Amino acid sequence: AVWVSEIMLQQTQVATVIDYYNRWMQKWPTLQALAAASLEEVNELWAGLGYYSRGKRLQEAARKVVSELAGRMPRTAEELQKLLPGVGRYTAGAIASISYGQATGVVDGNVIRVLCRLRCIGADSGSPAVLAQLWDMANVLVDRSRPGDFNQALMELGATVCVPKAPLCEECPVKQHCHARRRRLLGSCPTVPDVEDCGKHLAWGRLCYSSVYGPTVTFALVFAGVGGCPLCPPATEPWDSSLGVTNFPRKAAKKQPRVAWTATCVLEHRGCRGAPRFLIVQRPSSGLLAGLWEFPSLPLALGLQEEKQREALADHLRAWTGRPVAAGGLRYVGEVIHIFSHIHQTYVVYSLPVDEDVTLDPALSPWRWVTEEEFHASAVSTAMKKV
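One structure accompanies this document, and this report is about it. On a predicted model such as this, the values are computed, not experimentally measured, just so you know.

1. Let's talk about the pattern of salt bridges
Phase 1: Scanning the model with the defined rule gives 9 salt bridges in all.
Phase 2: Between Arg146 and Asp149 there is a salt bridge whose closest N-O contact spans 3.0 Å.
Phase 3: For the salt bridge of Arg283 with Glu294, the shortest nitrogen-to-oxygen distance reads 3.1 Å. Separated by 11 residues along the polypeptide, Arg283 in the loop between β2 (276-282) and β3 (293-294) and Glu294 in strand β3 bring together distant segments of the chain.

This is the structure we're talking about:
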């Protein structure tokens, strides 16, 4: 149960996950039940949750536990990460500490924010060197007697109090330890990095340190900070007093999503009863939206004029169906914009009424005709539901 919830909560908010989680656990309450399910069933239940490879890897891991590990889940973070597909360092730490009481830390976005503010870590929080130090700190901090409770409390602190914007500093239970808050109360950040900050940074994650330094040590620490302490804010990014504690954490500039255009055709056939049926095809088993179903679609070159779009889509449908498709018969419906994490996708939607069921070459990709109700019950993406 913890494993399923942690996988679903990767990149997805709790409010969105709750209904999916409850349906999943009701349908597959055990590893054995999930291992026996089909990928199609998994995709159907996951549809709309995003990052679809997560569901596929959950099932792959369940099958591996049942077939190769005698039905016994690995019990340590190291084994979980090593043996189960789709389980990274954070997920392994969360499962091991919450389910099995292993005294191991966790580092997610919320924990990064809390630790960077507590310790004034101003270097890029996404860099491997900084992440390595944050993991070291989390492993030192974790309560040995109640690691699961401690890790959940630390994540909840970041989710509800030490939030990205307008944090509730005066309500924070660890405010007396927060160096970012201390800087905010001082009203400025010195040009030369704070001696204590550099001292603890050079200690690489030691959480207790003396606030009294001798002259020789002070000089060495300040010199190290100016010279490039790997955890201090870069000199080119001065403290912004208007931001206060939200100066931390610092992140590298976000990479802009690439722009993509796709022509999508809704083929509609009305049977003798008048109920329309629509043609859907299955995407490849790897890559974006792997294994999901969609209306026949074709990637477009950027800036392609509508006439050329129609011709390209007509050629694509002609190759698929083995029958003539006139570009002029494609009716332009409109555009659907869908934002993936790394893609700004525009679907240019066309419709094409057909007089009879079109038969596709099964060697190209699986296909089927569905009613509107069947379509919504299928493993289709949110983008295709918009279409």
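2. A short note on a nonpolar patch on the surface
Phase 1: Taken together, the side chains of Leu9, Val14 and Ile18 make up a nonpolar region of the molecular surface, amounting to roughly 240 Å² of accessible area.
Phase 2: Note that Leu9 resides in the loop between α1 (2-8) and α2 (14-27).

3. Structural notes on unusual backbone geometry
If a residue is not glycine, its phi is most likely negative; likewise, a peptide bond is most likely trans.
Phase 1: Note the cis peptide between Phe248 and Pro249, where omega equals -5°.
Phase 2: Here Pro249 shows up in the loop between α13 (215-226) and β1 (258-270).
Phase 3: Positive phi, normally seen in glycine, also occurs at Ala70, with a value near 55°.
Phase 4: Residue placement: Ala70 occurs in the loop between α5 (53-68) and α6 (77-83).
Phase 5: Residue Ala70 is classed as exposed on the basis of its relative accessible area of 75%.
Phase 6: A positive phi is found at Ala166, a non-glycine position, where the angle reads about 50°.
Phase 7: Within the secondary structure layout, Ala166 lies in the loop between α10 (147-160) and α11 (179-186).

4. Notes on the environment of Gln32
Phase 1: Positionally, Gln32 belongs in helix α3 (residues 31-36).
Phase 2: The spacing of Gln32 and Val65 is 33 residues in sequence and 8.8 Å in space, taken between C-alpha atoms.
Phase 3: Beyond its immediate chain neighbours, meaning those up to four positions away, Gln32 contacts Val66 and Gly71.

5. Side note on the environment of Arg89
Phase 1: The residue Arg89 is located in helix α7 (residues 89-100) in this model.
Phase 2: Considered as a pair, Arg89 and Val106 are 17 residues apart in the sequence and their alpha carbons are 8.0 Å apart.
Phase 3: Ignoring any residue separated from it by four or fewer positions in sequence, one finds Arg89 in contact with Gln81, Trp135 and Asn139.

6. So, the packing of helix α8 (residues 109-118) against helix α9 (residues 128-141)
Phase 1: Contact geometry of α8 with α9 gives a least axis separation of 11 Å together with a crossing angle of 85°. Looking at the two axes, α8 sits roughly perpendicular to α9. Of α9, the residues touching α8 (which contributes Ile112, Leu115 and Cys116) are Leu131, Leu134, Met137, Ala138 and Leu141.

7. Some points on the packing of aromatic side chains
Phase 1: By the definition in use, this model includes 4 aromatic pairs.
Phase 2: On the basis of an interplanar angle of 75° and a centroid distance of 4.8 Å, the ring pair of Trp24 and Trp28 is categorised as edge-to-face. As far as burial versus exposure is concerned, Trp24 and Trp28 are alike and both buried.
Phase 3: Between the aromatic rings of Tyr332 and Tyr350, the centroid separation amounts to 5.8 Å while the plane-to-plane angle is 70°, which identifies the pairing as edge-to-face.

8. Here we look at the pairing of strand β5 (residues 331-339)
Phase 1: Alignment of β5 against strand β6 (residues 343-354), held across 8 bridges, turns out to be antiparallel. Residue pairing in the sheet places Arg331 in a bridge with Ser351 of β6.
Phase 2: Counting the residues between successive antiparallel strands, the hairpin from β5 to β6 contains 3 residues.

Analysis parameters
Residues numbered from 1 in each chain as written. Predicted model: local features only at pLDDT ≥ 70, side-chain atom pairs only at ≥ 80, totals over all residues. Heavy atoms only, no water. Salt bridge = Lys/Arg side-chain N within 4 Å of Asp/Glu carboxyl O. Helix = DSSP H or I, 4+ residues; strand = E, 2+ residues; numbered from the N terminus. Patch = residues over 30% accessible without salt bridge, like charges linked within 9 Å, V, L, I, M, F, W, Y side chains within 5 Å. Areas by Shrake-Rupley, 256 points an atom, 1.4 Å probe, with all protein chains shown as cover. Buried < 20%, exposed > 50% of the residue type's maximum accessible area, 1.4 Å probe, protein only. Contact = heavy atoms within 4.5 Å. Axes fitted to C-alpha atoms, helices over the stretch in contact; angles between N-to-C directions. Parallel < 35°, antiparallel > 145°, perpendicular 65-115°, else oblique. Phe/Tyr/Trp six-rings, centres within 6.5 Å; stacked < 30°, edge-to-face > 60°. Pairing = 2+ DSSP bridges.

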